[in-house]
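Architecture and fold: a report
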Amino acid sequence: RSKAASLYGWEILLRGTLWPGPEIGRRLADTIRGPIAAGHEFGVHAWDHHRWQMGVERLDDAALRQEFDRAFAALAEIAGREPETSATPGWRTTERVLAMKATHPLRFNSDCRGAAVPFRPVIGDGSTRRELDQPQVPVDLPTYDEAIGTIVPDDDAFNAMLLDRLADDRPHVLTIHTESEGGAKAALFERFLDVAIAEGHRFEPLG
């Protein structure tokens, strides 16, 4: 539907599936530092995106912790300070993931979908039931690759749909991707920002 080969490129589509993905942080450390130096929030996504998205629930406790700890440490080394947030690949999250994240000094996470209203997740049952200190900020707007061919037919309709949803004056959270809005769909994203700002909408850091 989203013409993934032209959107992402075959090299990205095959990384981590037919051959191992590269350690992006080693090659693009300076690129990653740019937004951090400009004052943007930064957080952990994944060490191995494909492995996490295809089966995080099957990882044992040691493997799960290694996946997150490696990503956390790599990003901390690049930034020179600890990440303040995280968001799991494909919003694939379990109670084990939330409990493991709670051992890291994260201000908040964005691991779920729903109304864009922050909340504190509750995990466990009975005597083990507890509310976590790290709030969740849900994503409520559809991503480009989710919407094209299902919710809307084409690029112009995608921007129109987003702008229509912003018109209710409530907070909204939109996930964008380097491979689309930062690449092939950069001009489309810029048009969305220009119109949204002209209509009086304000963009804020997620935290």
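Look a little higher up for the structure.
Summary of the structure given here. (Residues numbered from 1 in each chain as written. Predicted model: local features only at pLDDT ≥ 70, side-chain atom pairs only at ≥ 80, totals over all residues. Heavy atoms only, no water.)

Applying the stated criterion across every chain, the model contains 1 cavity of 30 Å³ or more. Taken together, Tyr144, Phe158, Asn159, Leu162, Leu174, Glu181, Lys185, Leu188, Phe189 and Phe192 make up the lining of the largest cavity. Contributions of two or more residues to the lining of the largest cavity are made by α9 (155-166) and α11 (186-198). For the lining of the largest cavity, a count of residues per class yields 7 nonpolar, 1 polar and 2 charged. (1 Å grid on protein atoms, 1.4 Å probe; cavity = no way out; pocket = protein on both sides within 12 Å on 5 of 7 lines; lining within 4 Å. Points joined across faces, edges and corners; volume = space filled by probe spheres on them. Helix = DSSP H or I, 4+ residues; strand = E, 2+ residues; numbered from the N terminus. Nonpolar A, V, L, I, M, F, W, Y, C, P; charged D, E, K, R; others polar.)

This paragraph deals with the nonpolar core. A general trend in soluble globular proteins is that nonpolar side chains are found buried together. Counting 15 residues, the largest nonpolar core has Val44, Val56, Leu64 and Phe68 as its most contacted members. Listing elements by their share of this core, those giving two or more residues are α6 (61-79) and α7 (95-101). Considering each element in turn, this core owes the most residues, 6 residues, to α6. Setting aside residues no more than four positions away along its own chain, Leu64 makes contact with Trp52, Val56, Leu59, Arg96, Val97 and Met100. One finds Leu141, Ile148, Met161 and Ala196 within the second-largest nonpolar core, a separate group that totals 14 residues. (Core = buried A, V, L, I, M, F, W, Y, C linked by side-chain atoms within 4.5 Å. Buried < 20%, exposed > 50% of the residue type's maximum accessible area, 1.4 Å probe, protein only. Contact = heavy atoms within 4.5 Å.)

Structurally, His177 is set in the loop between α9 and α10 (180-184). In this structure His177 comes out as partly exposed when scored by relative accessible area, which is 28%. Along the chain, His177 and Tyr144 lie 33 residues apart, while their C-alpha atoms are 8.7 Å from each other. Here His177 is in contact with Thr143 and Gly182, once residues within four sequence places are set aside.

With that settled, the discussion passes to the sheet that holds strand β2 (residues 85-86). Read across the sheet, 3 strands follow the order β1-β2-β3 without closing on themselves; strand pairing throughout is parallel. The strands lining the two open edges of the sheet, one partner per strand, are β1 (43-44) and β3 (108-109). (Pairing = 2+ DSSP bridges.)

For the rest of this paragraph, the subject is the packing of helix α4 (residues 29-37) against α6. Between two packed helices, what matters for the description is the angle formed by their axes and the separation of those axes. Where α4 contacts α6, the axes come no closer than 9 Å and their chain directions differ by 75 degrees. In this view, α4 runs roughly perpendicular relative to α6, as classed from their interaxial angle. When α4 is examined against α6, the residues Ala29, Ile32, Arg33 and Ile36 are found in contact with a partner set consisting of Leu75, Ile78 and Ala79. Classifying every residue of the contact of α4 with α6 by side-chain character gives 6 nonpolar, no polar and 1 charged. (Axes fitted to C-alpha atoms, helices over the stretch in contact; angles between N-to-C directions. Parallel < 35°, antiparallel > 145°, perpendicular 65-115°, else oblique.)

Keep in mind these values describe shape, not function.
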